[in-house]
Amino acid sequence: MDRIKSLAPHIIAVIASLVFLDSLRFKYTNAPETQVIFGKLDAWAESFGAGGLFAQTGLFSQYVIGTAELAAAALLLLGIMPAFRRLQGLGALIAFAVMSGAVNFHLWTPLGIDPNNDGGGLFFMACVVLATSLLLIYIRRREIAAIAGGVAAALTGPAPSLTTSKGQTQ
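This text gives an overview of the structure that appears in the document.

### Examining the overall build of the protein chain
Next up, step 1: Check the secondary structure of the protein chain and you find six helices and zero strands.
Next up, step 2: The linear arrangement of helices and strands in the protein chain, starting from the amino end, is α-α-α-α-α-α.
Next up, step 3: Relative to its length of 170 residues, the protein chain is extended, with a C-alpha radius of gyration of 21 Å against a globular reference of 15 Å.
Next up, step 4: With respect to the three principal axes, the spread of C-alpha positions in the protein chain is 75 × 50 × 25 Å.
Next up, step 5: The 170 residues of the protein chain split such that 32% are buried.
Next up, step 6: Here the contacts in the protein chain between residues at least 6 apart in sequence split such that 61% fall between residues at least 24 apart.
Next up, step 7: Carbon and sulfur atoms make up 69% of the accessible area of the protein chain, which amounts to about 10,000 Å² in all.
Next up, step 8: A distance of 19 Å separates the average location of the 11 positive side-chain charges in the protein chain from that of its 9 negative side-chain charges.

### Considerations on the packing of aromatic side chains
Next up, step 1: A complete count under the given rule lists five aromatic pairs for this structure.
Next up, step 2: Where Phe54 meets Phe60, the ring centres are 6.1 Å apart and the plane angle is 35°; that geometry is what we call tilted.
Next up, step 3: Taking relative accessible area as the criterion, Phe60 reaches 36% and is therefore assigned partly exposed.
Next up, step 4: Feature note: the residues Trp44, Phe48, Phe54, Phe60 and Phe105 constitute an aromatic cluster, connected by ring pairs.
Next up, step 5: Above the face of the Tyr138 ring, Arg141 is positioned so that its terminal group lies 4.2 Å from the ring centre.

### Quick look at the environment of Ala131
Next up, step 1: Counting through the fold element by element, Ala131 comes out in helix H5 (residues 121-139).
Next up, step 2: A relative accessible area of 47% places Ala131 in the partly exposed class.
Next up, step 3: C-alpha of Ala131 to C-alpha of Ile12: the two residues are 119 residues apart in sequence and 9.7 Å apart in space.

### Examining the pattern of salt bridges
Next up, step 1: Under the counting rule described, the total for this entry stands at three salt bridges.
Next up, step 2: One salt bridge in this structure joins Arg25 and Asp22, with 2.8 Å as the shortest N-O distance. Taken as a pair, Arg25 and Asp22 lie in helix H1 (residues 2-27) at a separation of three residues, close to a single helical turn.
Next up, step 3: For Asp22, a relative accessible area of 39% gives the class partly exposed.
Next up, step 4: In this structure, the salt-bridge partner of Arg140 is Glu143, at a minimum N-O distance of 3.6 Å.

The rules behind the values
Residues numbered from 1 in each chain as written. Predicted model: local features only at pLDDT ≥ 70, side-chain atom pairs only at ≥ 80, totals over all residues. Heavy atoms only, no water. Helix = DSSP H or I, 4+ residues; strand = E, 2+ residues; numbered from the N terminus. Rg over C-alpha atoms; globule rule 2.2 N^0.38 Å. Buried < 20%, exposed > 50% of the residue type's maximum accessible area, 1.4 Å probe, protein only. Contact = heavy atoms within 4.5 Å. Areas by Shrake-Rupley, 256 points an atom, 1.4 Å probe, with all protein chains shown as cover. Lys, Arg positive; Asp, Glu negative; His and termini not counted. Charge placed at Lys NZ, Arg CZ, Asp CG, Glu CD. Phe/Tyr/Trp six-rings, centres within 6.5 Å; stacked < 30°, edge-to-face > 60°. Lys NZ or Arg CZ within 6 Å of the ring centre and 35° of its normal. Salt bridge = Lys/Arg side-chain N within 4 Å of Asp/Glu carboxyl O.

Written as structure tokens, this is what we have:
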């Protein structure tokens, strides 16, 4: 049972990473399926004055989203190695952010859950990655807290000292 507990996060990370890595061939080659999805999203954004947001050079283009997915997959897989365990939690956070956006766009925009007539397969895979990333966030919560603590400490810096060089307080 302990062996299963120790392997489960890595199996979960591999599943999420495989979904991300598989999708890159569509995003980075500008496949027709990707053009349909991002075209629908850009038309939707245009309807409220934000045209170009999902275009190929837009803030949320297929290349930007694909790069975030690639980064998440790399961190999830690097986290399999004990020395880089903390990176798995960071990859899960990125995966969760990207997939919560994807699932919400499928549900609440004209994109719908079956934009490419694949029976909802793309939406289902987004839900799988969303669920696996959420599970990994829970599993790696201590590592994520340690990263957050380190970032907070780096941003706030050391507390100013109130002692002089001779050890006297000012």
